[in-house]
Amino acid sequence: MTDPSRTRRLKRYLRELPEPVLDSRLWRLLLACVDSKKLPIKARVAAVQIILRLQPAANFSLLTYVLAFLSQVPLFPENSLSISDISALFGADLLSSRPSARGKKSTSDQLSITGPTEPLESGVEAASRAKDALRFLLEHWTAIADGLLEPDFDVDAAKVIDGLTPSCCLLYTSPSPR
């Protein structure tokens, strides 16, 4: 990533995708999960794994491969990029919800997900939340990726969440108005 043109090309590719990598309902669930400081990290990681697996195959593949790549970038000092730097560079382009291209049928229209229905924030707030979400994903990528690509992927909530019931894993609170 030391070559700025590579960074620009990846950002441009992600920005110009005809639809967001995450369906807006999954985006809301992801935000609820990473923002929930009340849950233990193991529970949040398990919830992120489930959210990622709910995506269509192409979206799942793209996101997991990009996250795996970005998680490796800080390991090479010549890149001079920390996880925070990468999150600021790629968070909004990779994770923020955006409108689908007009006239094209979105693959996310095929999903049947019920989730929080508050309007998505826009602009600076959305970019900031995407940056924070990407930072969480990169900081915990090793745990999130563990078993994620297995064909028989399964999360045993009883083993992951000590003393909590699976129904309380994803609590969504809409952002407070400023």
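**Some remarks on the side chain of Asp93**
In this structure, Asp93 sits in helix H5 (residues 83-95). A polar contact of 3.4 Å, which involves the side chain of Asp93, links it to the side chain of Arg15.

**Brief notes about the environment of Ser128**
As for its placement among the helices and strands, Ser128 is situated in helix H6 (residues 123-139). Overall, the relative accessible area of 33% leaves Ser128 in the partly exposed class. Residues Ser128 and Ser96, 32 residues apart in the sequence, show an inter-C-alpha distance of 9.5 Å.

**A look at unusual backbone geometry**
Residues other than glycine seldom take positive phi values, yet Ser80 does so here, at roughly 50°. Within the element layout of this structure, Ser80 appears in the loop between helix H4 (57-72) and H5. The class for Ser80 is exposed, based on a relative accessible area of 61%.

**Side note on the packing of helix H1 (residues 4-15) against H5**
The interhelical angle for the contact between H1 and H5, taken along N-to-C directions, is 25°, at an axis separation of 8 Å. Taken as axis vectors, H1 and H5 run roughly parallel relative to one another. As for the relative orientation of H1 and H5, their crossing is left-handed in sense. Here Thr7, Leu10, Lys11, Leu14 and Arg15 of H1 come into contact with H5, specifically with Leu89, Phe90, Asp93 and Leu94.

**Focus: the packing of aromatic side chains**
Throughout the structure, instances matching the rule amount to 0 aromatic pairs. Against the face of Phe60 rests Arg53, its NZ or CZ located 5.2 Å from the ring centre.

**Considering the nonpolar core**
Among the nonpolar cores identified, the biggest contains 38 residues, and Leu30, Val48, Leu94, Leu95 and Ile144 are the most heavily contacted of them. Not counting residues within four places of it along the chain, the set of residues in contact with Val48 comprises Leu30, Cys33, Val34, Phe136, Leu137 and Ile144.

**Some thoughts on the packing of helix H2 (residues 24-35) against helix H3 (residues 41-53)**
The interhelical angle for the contact between H2 and H3, taken along N-to-C directions, is 170°, at an axis separation of 9 Å. It follows that H2 is roughly antiparallel to H3 by the angle criterion. Of the residues in H3, those touching H2 at Leu26, Leu29, Leu30, Cys33 and Val34 are Arg44, Ala47, Val48 and Ile51.

Rules behind the numbers
Residues numbered from 1 in each chain as written. Predicted model: local features only at pLDDT ≥ 70, side-chain atom pairs only at ≥ 80, totals over all residues. Heavy atoms only, no water. Helix = DSSP H or I, 4+ residues; strand = E, 2+ residues; numbered from the N terminus. Polar contact = N/O pair within 3.5 Å; in protein donor to acceptor, adjacent residues only side chain to side chain. Buried < 20%, exposed > 50% of the residue type's maximum accessible area, 1.4 Å probe, protein only. Axes fitted to C-alpha atoms, helices over the stretch in contact; angles between N-to-C directions. Parallel < 35°, antiparallel > 145°, perpendicular 65-115°, else oblique. Left-handed = near helix turned anticlockwise from the far one by under 90°. Contact = heavy atoms within 4.5 Å. Phe/Tyr/Trp six-rings, centres within 6.5 Å; stacked < 30°, edge-to-face > 60°. Lys NZ or Arg CZ within 6 Å of the ring centre and 35° of its normal. Core = buried A, V, L, I, M, F, W, Y, C linked by side-chain atoms within 4.5 Å.

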